[in-house]
Amino acid sequence: MKITLLTFWISLIGFCASAQDWNYYTPLQSKGKIPSDFTEAYANKYKAQSENIESDEARKDRKQKDEFYQRSEYFINEYLVSGDVLFGDTITQYCEKIVDILLKDNPTLRKKLRVYVVKSPIVNASATGNGIIFINLGLIAQVENEAQLAYVLAHEISHFDENHVFDQYVEREKIRNGEDLYRRTSRAEQLQALSTYSKSHELEADSKGLGRYYQNSGYSMQAPIFVMDVLQYSYLPFDEIPFDKGYLESPHLKIPAEYLLEEVASITANDDFDDSESTHPNIKKRKLALLDLISDGSVGKDYLVSKDLFLHCQRVARYENSRLFLTYGNYAEAIYNTFLLKQKYGEDRYQRLTVAKALAGLSVYRNEGELYKTVKSHKKIEGESQQVYYMLSKFNKKDLNTFAVEHSYRLLQDYPDDEFVKRIFNRTLYDLVFENEMRPSEYSRKAIDDTSDVSLIALQDSINANRSSKIKNIKRKRMEDKVVSDKDYYLYAFVDFWQDTTFAYRFDDLAEKADDARNQRDHYASSRGRVHKKYDKNIALGIDKVVFVTPNYLKMDERAKDGIQYLTTDEGLTDYKNHIQSLAKKVNLDAEMLDYKDISTNDVEKYNDISILKSWIEERLNHENTDAIISDFDYVQDLREKYNTDYIAYTGNLCLRVRERAVAGRLIYSSIVFPLLPFTVAQLIIPDYDSFNYFFLLDLRNGDALMAEYNNYKTGDDSDYMKSVIYNYLIQIKEQPKK
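Caption draft 1: Molecular detail of helix α8 (residues 146-161). Helix length check: α8 (16 residues) gives 22 Å between terminal C-alpha atoms against 22 Å at 1.5 Å per residue, within 8%. Within α8, 15 of the 16 residues are buried, which leaves the element mostly enclosed by the surrounding structure. The distance from a side-chain oxygen at the start of α8 to the backbone nitrogen of A147 is 3.2 Å, and the residue carrying that oxygen is N145. In the segment just after α8, N163 is the residue with positive phi, at about 60°.

Listed below in structure tokens is the structure:
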């Protein structure tokens, strides 16, 4: 029997989809050979693009194109190697197949385009001037079917085909320089003009995307209209379901009614919003324009590749978004998104672990009095998820910490050998004992009997029915006081756990250690890790191997139009990495460099390793001095063993040439005080710099920052100075501590 290539491909992806273990979902990873977009050096990309500039073009046009290629290729390159862009994964391949269908009659254009998926929960897609289409996971999570995704791709293809990216750059430059029609216009008028220009491109991409690529593809003609509704409400989660507080409750731990809003804020999105200052026309205008182009009776299908594959990709995107919300510290969003996952797909270990991580993180921020840093005001949230934000803001330190312990231990009971669940439980229980000074004796061993309490109050009311109001009210108040108050509700959380020797022993053991530590509190506080750690400029760590993850380098000039010196930045990064490696050899430190810009086409495993480590680093640095668990801790365990070290370094350098200020005034003053003139001229000739270097040494086991160095200096990127700074870092890492 003959099997088409498309059928075989779908079968293969279907097999991969069925192999997904949702209980142990792992972060999305790239697959296959690394495309040249990721491996080609920036300088080569820029050179290739600049060769397209015709020599007979006007000098001004040649310069404008050259500046555009320098700028756009640099930022696209940095985005590609940010760790957020995927290639070769199931979702990317799926999107590529949709583009194949849209461009089946235009193979020339198809060869120019590449599609990559971006690990971002934001609902968005974009096209670059060099033929790359980026599709965010947030969009995959929210579109209702394949046809809607296909229309978004057709829209982005049109942006590329019409060269909108370059045209908008040219228009911005005209506005910036006050050229042509923009002479003598106010800033407000210039912004208005740019907004109008951008909106015209969006409407053009809508119409040409529909007419050229989508209309004859066989996809449903309703989808372009319906996807506009998806975009209108894209700032909301992927579904709107009332949050059930029972999702976080257990038989003996109930959330008080006062912690919940009686009614959540209504959704205010309007399809006819004022778009006068927006880059996009409002939804109503876009719908009406599309309706004019769609003929009555137009038909088509919602799925041409595979409905099953679409649903699989969408589920992956939604699961990945829960993880992304955790890494961003958006714990309320992570909880609500995961609540929706349960409603849609049923509950699994990954979902429960996600909530355990979120509660653990929230508890740390609440304990340190910084919950406001991670939970936005509920007044800024619309729809059903607002309930979660409000509820979390009502928790105090003790009840939130108790929820974190209860949730993690209930999960541990179901997965007793899971080291990652154990880690969360141990940390949350530790914080309950040491940060909140709670002891086992403070928690009830007996369940609260709500029915008997209500019956007793009713009986008391009947007995005192004929008593004076004074006596009756006193008797009732005393009976009500016997019923647990909302402020004490969490003391019944562990009723089911006391018969479990593991829980009881661990709680008792920590309580005993905490009591012993009271006599030596200063000593114990100093052992708590990074929270209030003071960094010693002359430490000696005695470490033999460190992995350097994507060092950064940026060279800027305040006098230049864009500020960034693109080509010299690229050269400076190469020198910076070479300094690190050569000096590491001098101090006998094993320094392994993991950088996207050094990998070859077959290094996909290394590419994925860097992506995980970068995500871990960014989350750690976002927490600053808050002692929160890094949510990706379970994904770096294998990397610690693979690279044979627990230590990673993250470093970078910014070299900024500063514009001279008040030059005329200084020269006039120096001409009056003539002896100063030679010195003033010399100062003006010698360039001024304001540069900055940073270096973090992080412990993958617990997130501790063993080094956090910041150096400001007033020179350029002088090689000798840079080497001295780097050498100082490396010698502290390698040198053995004194006994």
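Caption draft 2: A look at the packing of aromatic side chains. Inspection of the entire model under this criterion finds 56 aromatic pairs. The interplanar angle of 85° and the centroid separation of 6.2 Å between the aromatic rings of F243 and Y247 together place this pair among those described as edge-to-face. As far as the burial class goes, F243 and Y247 line up, both buried. An angle of 50° between the planes, with centres 4.7 Å apart, marks the rings of Y409 and F425 as tilted. In this pair, Y409 is assigned in helix α17 (residues 397-414) and F425 in helix α18 (residues 419-434), connecting sequence segments 16 residues apart. For the pair Y409 and F425, one class covers both residues: buried. Through a chain of ring-to-ring contacts, the aromatic side chains of Y409, F425, Y443, F494, F497, W498, F503 and F507 assemble into a single cluster. In this arrangement the basic side chain of K357 is found over the ring face of F633, its NZ or CZ atom lying 5.3 Å from the centre. Seen from the ring of W498, R445 lies directly overhead, with NZ or CZ sitting 3.7 Å from the centre.

Caption draft 3: Spatial organisation of the environment of T279. Topologically, T279 is positioned in the loop between α11 (223-232) and α12 (283-293). Its relative accessible area of 45% is what places T279 among the partly exposed residues. Separated by 78 residues in sequence, T279 and H201 have C-alpha atoms that sit 9.3 Å apart. In terms of polar contacts, T279 uses its side chain to reach the side chain of H280, at 2.9 Å.

Caption draft 4: Spatial organisation of a nonpolar patch on the surface. A surface patch of nonpolar side chains, amounting to about 280 Å² of accessible area, comprises Y233, Y235 and I267. Within the secondary structure, I267 is located in the loop between α11 and α12. Looking at I267, the relative accessible area reads 36%, which means it is partly exposed.

Caption draft 5: Examining the pattern of salt bridges more closely. The final tally for this structure, using the stated rule, is 38 salt bridges. Between R110 and E96 there is a salt bridge, and its shortest N-O distance comes to 2.4 Å. Highlighted residues: R110 in helix α6 (residues 107-112) and E96 in helix α5 (residues 90-102), separated in sequence by 14 residues. By the burial criterion, R110 is buried, and E96 matches it. In this structure, R323 engages D632 in a salt bridge whose closest nitrogen and oxygen atoms are separated by 2.9 Å. Here the residue R323 occupies a position in helix α13 (residues 307-328), and D632 occupies one in the loop between α24 (604-622) and α25 (633-642), the gap between them amounting to 309 residues. Considered together, R323 and D632 belong to a single accessibility category, that of buried residues. Among the charged side chains, a salt-bridge network with shared partners connects D161, E162, E204, K208 and R212.

Caption draft 6: Summary view of the pairing of strand β2 (residues 114-118). Of all five residues that make up β2, four are buried, and the element is covered over most of its length. In terms of strand pairing, strand β1 (residues 85-86) meets β2 through two bridges, oriented antiparallel. Within β2, the residue paired with V85 across the bridge is V118.

Caption draft 7: Expanded view of the state of the cysteines. Scanning all chains against the criterion turns up zero disulfides. Counting only cysteine sulfurs, C313 is the nearest neighbor of C95, a cysteine outside any disulfide, at a range of 7.2 Å.

Caption draft 8: View of the packing of α5 against α8. Closest axis-to-axis distance for the α5/α8 pair is 10 Å, and the angle between their directions is 70°. In this view, α5 runs roughly perpendicular relative to α8, as classed from their interaxial angle. Considering only the axes of α5 and α8, their crossing is right-handed. On the side of α5, the interface is formed by Y94, C95, I98, V99 and L102, while α8 contributes E146, L149, A150, L153, A154 and I157. Considering only residue class, the contact of α5 with α8 consists of 10 nonpolar, no polar and one charged.

Caption draft 9: Geometry of the nonpolar core. L102, L149, Y214 and F494 are the most contacted members of the largest nonpolar core, which totals 159 residues. A total of 10 residues in this core trace back to one element, the largest contributor, which is helix α15 (residues 349-367). Excluding anything up to four places from it in sequence, L149 contacts Y94, C95, I98, I135, L139, I140 and V143. Core analysis: the next-biggest nonpolar cluster, separate from the first, contains 28 residues, V587, L697, M722 and I733 among them.

Caption draft 10: A look at the sheet that holds strand β3 (residues 125-127). Taken together, the four strands give an open sheet; going across it, the order is β1-β2-β4-β3, and neighbouring strands pair in mixed fashion. A single partner strand is all that each edge strand has here, and the edge strands are β1 and β3. Across five bridges, β2 lies against strand β4 (residues 132-136) in parallel orientation. Bridge assignment links V118 to a residue of β4, and that residue is N136. Strands β1 and β2 of the sheet are contacted by α5, whose axis makes an angle of about 145° with β2.

The rules we used
Residues numbered from 1 in each chain as written. Predicted model: local features only at pLDDT ≥ 70, side-chain atom pairs only at ≥ 80, totals over all residues. Heavy atoms only, no water. Helix = DSSP H or I, 4+ residues; strand = E, 2+ residues; numbered from the N terminus. Expected span 1.5 Å × (residues − 1). Buried < 20%, exposed > 50% of the residue type's maximum accessible area, 1.4 Å probe, protein only. Polar contact = N/O pair within 3.5 Å; in protein donor to acceptor, adjacent residues only side chain to side chain. Phe/Tyr/Trp six-rings, centres within 6.5 Å; stacked < 30°, edge-to-face > 60°. Lys NZ or Arg CZ within 6 Å of the ring centre and 35° of its normal. Patch = residues over 30% accessible without salt bridge, like charges linked within 9 Å, V, L, I, M, F, W, Y side chains within 5 Å. Areas by Shrake-Rupley, 256 points an atom, 1.4 Å probe, with all protein chains shown as cover. Salt bridge = Lys/Arg side-chain N within 4 Å of Asp/Glu carboxyl O. Pairing = 2+ DSSP bridges. Disulfide = S-S within 2.5 Å. Axes fitted to C-alpha atoms, helices over the stretch in contact; angles between N-to-C directions. Parallel < 35°, antiparallel > 145°, perpendicular 65-115°, else oblique. Left-handed = near helix turned anticlockwise from the far one by under 90°. Contact = heavy atoms within 4.5 Å. Nonpolar A, V, L, I, M, F, W, Y, C, P; charged D, E, K, R; others polar. Core = buried A, V, L, I, M, F, W, Y, C linked by side-chain atoms within 4.5 Å.

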